[in-house]
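In case you want the letters, here they are:
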Amino acid sequence: MTDFLIYDAKVAVLIAIFYMFYRLVLARETFHRVNRLTLFLTAIASFVLPLCVITLHKTVTVEAVPMVSVGDVQMEIATDAGPEWWQLLLPLIFIIGVVATLGHTLMSMFRILMLIKRSEKHPQPDGITICVTDNGQIQPFSWMHYIVMDRRDYEDGNPAILAHERGHIRLRHSWDLLLVDTLTALQWFNPAMWMLRQDLRAIHEYEADGEVLSLGINARQYQYLLITKAAGIGGYSLANGISHSTLKNRINMMLHKKSERRSLLKLLALIPIVGLALALNARTVTDYVYDEPQKQQPVKKGKKAGTIKVNGQEIKVVEQDDIVTMEGEVEAPAQESPADDAFDVVEQMPEYPGGPKALMEFLNNNVQYPAEAEKAGIQGRVIATFVVEKDGSISNAKVVKSVDPLLDAEALRVIGAMPNWKPGMQNGKIVRVKYTVPLSFHLDGGGEEIDHLCREDGTIVEIDIEKGDTTIVKPLFIVDGKVMDGKKVYSINPKTIERYYMQNGQEAIDKYGEKAKDGVILITLKK
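Only a predicted model underlies this, so the values are computations on that prediction, with no experimental measurement involved.

1. Some thoughts on the overall build of the chain
Okay, so step 1: What the chain contains, in helices and strands, is 15 helices and 18 strands.
Okay, so step 2: Classification of the 527 residues of the chain by burial places 45% in the buried group.
Okay, so step 3: Relative to all contacts within the chain whose residues are 6 or more apart in sequence, the contacts with residues 24 or more apart total 76%.

Dropping the structure here:
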């Protein structure tokens with residue numbers, strides 16, 4: 001056991017050296033795939049290099065010495081007094097730490113598997129299974145080929161969440177975590193190993209965030225989503241979740257300028273580090289050669305240096321259209337063809353002729369405000385979904401966030417009048433794809449509608465995408481004509497909200513006083 005502890009101590013030193021190299025040289029670069037491989041491979045190399053013993057042989061010629069008899073010689077054999085106390089205590093402490101760390105990992109895996117088993121499963125055409133749970137405390141996360149989310153997130157059908165978790169699955173992040181957590185059990189006493197593990201999880205999130213943004217999903221909406229999902233996922237340490245890692249770091253990384261390719265030359269600094277590790281672990285064996293033949297003593301050779309070969313994955317990333325979703329669901333009339341077999345997110349999303357800008361122009365030019373709704377002062381944002389068929393035609397249009405039947409009907413009419421789209425593609429094949437669009441209906445003088453950005457303390461978070469700054473404001477909340485504390489607004493079920501919009505500026509202050517300096521949010525609940 002002592003030999004193993006010495007080996008593990010050498011591993012700890014190598015991990016600390018490799019991790020220090022990563023933090024000083026690569027941590028600020030945007031080569032997420034390279035950084036991930038560097039952390040992953042250096043962790044494995046730290047366990048392999050101490051086993052790679054380079055043996056150097058030194059030959060010494062010794063003159064033969066004649067044997068002389070000097071009479072009987074009595075030999076005394078010393079009795080082993082037994083191991084010292086620390087030789088018993090250190091292995092015991094080490095084993096307890098290993099068992100505790102492995103136990104935590106296994107418990108996390110057990111909880112994930114039980115949650116998946118008890119969830120409502122929805123297999124997807126690409127082999128991924130969406131598991132829906134009624135536990136509202138669960139934030140979306142992925143494990144192997146499963147995506148777990150609560151029912152509200154599933155009903156919202158937010159493509160950013162699905163794209164993020166599909167990114168984790170496509171890049172096989174679960175296998176990284178499983179192996180690194182196993183290695184961490186053997187290095188539970190090493191702070192560098194825990195920091196390496198944490199940084200690897202952060203890189204996973206950077207990669208998944210990159211997958212989302214590369215699909216064309218609106219950056220501002222996605223960052224709003226990260227804020228609303230900022231809570232943890234409750235002890236599932238082996239899972240990949242949208243709420244993992246530091247929010248500030250993830251936003252900064254999205255805004256960070258792409259690193260130049262020549263920065264990859266920094267990896268060459270690993271060569272002397274590996275060479276030094278092998279040199280320090282080398283040993284010299286002295287071979288004695290006598291003038292007269294002597295009995296040759298066997299010399300224990302060192303093990304040959306092992307080799308590590310990694311077959312990297314080639315991930316294809318293409319651009320896609322802007323997608324916006326919000327909470328709430330309203331049943332719509334059944335369509336002629338089912339949409340269950342349609343993809344939510346594909347490699348190449350469907351495209352309106354002329355692109356997203358042309359789509360917005362079409363909606364703005366063709367939406368007609370219903371006269372009865374205008375007379376009644378009804379306004380808000382209708383969220384509708386439809387399926388782009390393989391031939392580009394539109395089917396299965398329905399409203400997923402309703403404002404009023406009059407506005408819902410107008411939204412469906414405009415969607416039905418759209419020309420054929422360029423169909424979506426997955427794995428080189430044309431497929432049916434679901435698509436979501438918002439249609440805003442605002443009367444003159446109506447305030448700006450906001451998303452669900454109310455935090456538990458009753459404040460609103462605003463993000464400056466250009467600067468990467470966040471601003472906290474505290475607006476005045478008026479629910480059904482009465483002022484309500486922001487903390488109580490946070491507890492309102494979004495599905496009970498009929499419509500809401502925001503007023504700000506001098507007009508709001510003149511009407512509601514200085515309490516409205518950060519704006520007024522007017523909320524009408526369903527009767």
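Alright, that's what it looks like, and here's the rest.
2. Focus: unusual backbone geometry
Okay, so step 1: Despite not being glycine, Asn427 shows a phi value in the positive range, around 55°.
Okay, so step 2: One can find Asn427 in the loop between strand E10 (424–426) and strand E11 (429–431).
Okay, so step 3: Using a relative accessible area of 60% as the deciding quantity, one classes Asn427 as exposed.
Okay, so step 4: Even without being glycine, Asp480 reaches a positive phi, approximately 55°.
Okay, so step 5: Mapping Asp480 onto the fold places it in the loop between strand E15 (476–479) and strand E16 (482–484).
Okay, so step 6: On the basis of relative accessible area, Asp480 is assigned to the partly exposed category, the value being 36%.

3. A few points about the packing of aromatic side chains
Okay, so step 1: Considering all chains together, one arrives at 10 aromatic pairs under this definition.
Okay, so step 2: Within the aromatic cluster, the residues linked to one another by ring pairs are Phe4, Tyr7, Phe94, Trp188 and Phe189.

4. A short note on the packing of helix H2 (residues 32–48) against helix H6 (residues 173–186)
Okay, so step 1: In contact at an axis separation of 11 Å, H2 and H6 are set at 35° when each is read in the N-to-C sense. Considering only the axes of H2 and H6, their crossing is left-handed. Where H2 approaches H6, its residues Arg36, Phe40, Ala43, Ile44 and Phe47 are matched on the opposing element by His173, Asp176, Leu179, Val180, Leu183 and Leu186.
Okay, so step 2: The residue makeup of the contact of H2 with H6, split by class, is 8 nonpolar, 1 polar and 2 charged.

5. Let's talk about the pattern of salt bridges
Okay, so step 1: Scanning the model with the defined rule gives 13 salt bridges in all.
Okay, so step 2: A salt bridge links Arg432 to Glu389; its shortest N-O distance comes to 2.6 Å. One end of the pair, Arg432, is in the loop between E11 and strand E12 (433–441); the other, Glu389, is in the loop between strand E8 (380–388) and strand E9 (394–401), and 43 residues separate them in sequence.

6. Observations regarding the environment of Lys258
Okay, so step 1: Of note, Lys258 is situated in the loop between helix H9 (247–255) and helix H10 (270–280).
Okay, so step 2: Sequence separation between Lys258 and Glu29 is 229 residues; the distance between their C-alpha atoms is 7.7 Å.

7. Remarks on the confidence of the model for the chain
Okay, so step 1: This prediction gives the chain a mean pLDDT of 76; 75% of its residues lie at or above 70.
Okay, so step 2: Here residues 64–80 is a poorly scored stretch, pLDDT under 50, and it has 2 contacts once near neighbours within four places are set aside; other chains count.
Okay, so step 3: Below pLDDT 50 for its whole length, residues 463–469 participates in 16 contacts with residues either more than four positions away or in separate chains.

8. Topic: the sheet that holds E9
Okay, so step 1: Read from one edge to the other, the open sheet built from 3 strands follows the order E9-E8-E12, with strand pairing classed as antiparallel. Looking at the sheet topology across the chains shown, the edges are occupied by E9 and E12. With strand direction ignored, the average angle separating the axes of adjacent strands in the sheet is 25°.
Okay, so step 2: Pairing of E8 with E9, which is carried by 5 bridges, proceeds in the antiparallel orientation. Across the sheet, Ala384 pairs through a bridge with Val399, a residue of E9.
Okay, so step 3: Packed onto the sheet, helix H13 (residues 405–416) meets E8, E9 and E12 and runs at close to 130° relative to E12.

9. A few points about the side chain of Gln187
Okay, so step 1: When you line up the elements, Gln187 lands in the loop between H6 and helix H7 (191–214).
Okay, so step 2: A residue is classified by how much of its surface remains accessible, and Gln187, at 0% relative accessible area, is buried.
Okay, so step 3: Not counting residues within four places of it along the chain, the set of residues in contact with Gln187 comprises Asp8, Val11, Ala12, Ile15, Phe47, Met193 and Trp194.

10. Structural notes on the pairing of E15
Okay, so step 1: Of the two faces of E15, the one holding Leu476 and Ile478 and the one holding Phe477 and Val479 are both buried throughout.
Okay, so step 2: Judged from the 4 bridges that link them, E15 and strand E18 (residues 520–525) form a sheet pairing that is parallel. Bridging from a neighbouring strand, Ile478 pairs with Leu522 of E18.
Okay, so step 3: As judged from the 3 bridges shared by E15 and E16, these two strands associate in the antiparallel manner. Following the sheet pairing, Phe477 is matched in E16 by Met484.
Okay, so step 4: In textbook terms, the turn of a hairpin is the stretch between consecutive antiparallel strands, and for E15 and E16 this stretch comprises 2 residues, one of which, Asp480, has a positive phi near 55°.

11. Quick word on a nonpolar patch on the surface
Okay, so step 1: On the surface, a nonpolar cluster with roughly 730 Å² of combined accessible area is contributed by Trp85, Trp86, Leu89, Leu90, Leu92, Ile93 and Ile96.
Okay, so step 2: Turning to its location among the elements, Ile96 is positioned in helix H3 (residues 85–118).

12. Description of the nonpolar core
Okay, so step 1: The biggest cluster of nonpolar side chains holds 29 residues, and the ones touching the most others in it are Leu359, Phe386, Ile415, Met418, Trp421, Tyr435 and Leu439.
Okay, so step 2: Looking at this core, the elements that each hand over two or more residues are helix H11 (356–366), E8, E9, H13 and E12.
Okay, so step 3: Counting residues per element, this core draws most heavily on E12, which supplies 5 residues.
Okay, so step 4: In this structure, Leu14, Met193, Leu196 and Ile203 belong to the second largest nonpolar core, which totals 27 residues.

Conventions we followed
- Residues numbered from 1 in each chain as written.
- Predicted model: local features only at pLDDT ≥ 70, side-chain atom pairs only at ≥ 80, totals over all residues.
- Heavy atoms only, no water.
- Helix = DSSP H or I, 4+ residues; strand = E, 2+ residues; numbered from the N terminus.
- Buried < 20%, exposed > 50% of the residue type's maximum accessible area, 1.4 Å probe, protein only.
- Contact = heavy atoms within 4.5 Å.
- Phe/Tyr/Trp six-rings, centres within 6.5 Å; stacked < 30°, edge-to-face > 60°.
- Axes fitted to C-alpha atoms, helices over the stretch in contact; angles between N-to-C directions.
- Left-handed = near helix turned anticlockwise from the far one by under 90°.
- Nonpolar A, V, L, I, M, F, W, Y, C, P; charged D, E, K, R; others polar.
- Salt bridge = Lys/Arg side-chain N within 4 Å of Asp/Glu carboxyl O.
- pLDDT = per-residue confidence, 0-100.
- Pairing = 2+ DSSP bridges.
- Patch = residues over 30% accessible without salt bridge, like charges linked within 9 Å, V, L, I, M, F, W, Y side chains within 5 Å.
- Areas by Shrake-Rupley, 256 points an atom, 1.4 Å probe, with all protein chains shown as cover.
- Core = buried A, V, L, I, M, F, W, Y, C linked by side-chain atoms within 4.5 Å.

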